[in-house]
Amino acid sequence: MAFFNLPSHMTDSKLRENAEKNYEEYAISAERIALVVTNVLDMPVDAALNDITIRPINQVQESAQTLINTQKRRST
């Protein structure tokens, strides 16, 4: 897994624990990132690509569910 050592530099133990938990839950393997990069490099020369966002799908689903729940609470 691709891993950045940011949590080890956190002095607040609760923040460090949360960061480590997020890394474990949402980590994307280096192989997956390499696959995306390879696909981008294989694009036709006449194609333009401006931005790439790579994130774990379970994080996206959780964010969407949080948004839906917030909207439901506001409408009641």
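Here is a short report on the structure shown in this document. (Residues numbered from 1 in each chain as written. Predicted model: local features only at pLDDT ≥ 70, side-chain atom pairs only at ≥ 80, totals over all residues. Heavy atoms only, no water.)

### Notes on the overall build of the protein chain
- Broken down by element type, the protein chain carries three helices and zero strands.
- Starting at the N terminus and walking to the C terminus, you meet the elements of the protein chain as α-α-α.
- Counting only C-alpha atoms and orienting by the principal axes, one finds that the protein chain spans roughly 50 × 40 × 15 Å.
- Out of the 76 residues belonging to the protein chain, those deemed buried represent 7%.
- Sequence separation of 24 or more characterises 52% of the internal contacts of the protein chain that already satisfy a separation of 6 or more.
- Element-wise, carbon and sulfur atoms account for 54% of the exposed surface of the protein chain, whose accessible area totals about 6800 Å².
- Considering the protein chain, the positive charge centre built from 8 side chains and the negative charge centre built from 10 side chains are found 13 Å apart. (Helix = DSSP H or I, 4+ residues; strand = E, 2+ residues; numbered from the N terminus. Buried < 20%, exposed > 50% of the residue type's maximum accessible area, 1.4 Å probe, protein only. Contact = heavy atoms within 4.5 Å. Areas by Shrake-Rupley, 256 points an atom, 1.4 Å probe, with all protein chains shown as cover. Lys, Arg positive; Asp, Glu negative; His and termini not counted. Charge placed at Lys NZ, Arg CZ, Asp CG, Glu CD.)

### Points about the environment of Ala 19
- Of note, Ala 19 is situated in helix 1 (residues 13–26).
- The class of Ala 19 is buried, set by a relative accessible area of 10%.
- Considering only alpha carbons, one finds Ala 19 and Leu 67, 48 residues apart in sequence, at a separation of 22 Å.
- In contact with Ala 19, other than residues within four places in its own chain, are Pro 7 and Met 10.

### A few points about the environment of Asn 58
- Note on placement: Asn 58 falls in helix 3 (residues 57–75).
- Asn 58 sits in the partly exposed class, given a relative accessible area of 27%.
- In this structure the C-alpha to C-alpha distance between Asn 58 and Val 37, which are 21 residues apart in sequence, comes to 21 Å.
- Residue contacts for Asn 58: discarding those within four places in its chain leaves Glu 25 and Tyr 26.

### Some details on a nonpolar patch on the surface
- A surface patch of nonpolar side chains, about 240 Å² in accessible area, is lined by Leu 49, Ile 52 and Ile 54.
- With respect to the helices and strands, Leu 49 occurs in the loop between helix 2 (30–41) and helix 3.
- You can call Leu 49 partly exposed: its relative accessible area is 41%. (Patch = residues over 30% accessible without salt bridge, like charges linked within 9 Å, V, L, I, M, F, W, Y side chains within 5 Å. Salt bridge = Lys/Arg side-chain N within 4 Å of Asp/Glu carboxyl O.)

### Looking at the environment of Asp 42
- As for its placement among the helices and strands, Asp 42 is situated in the loop between helix 2 and helix 3.
- Linking Asp 42 and Arg 74, residues 32 residues apart in sequence, is a C-alpha distance of 45 Å.

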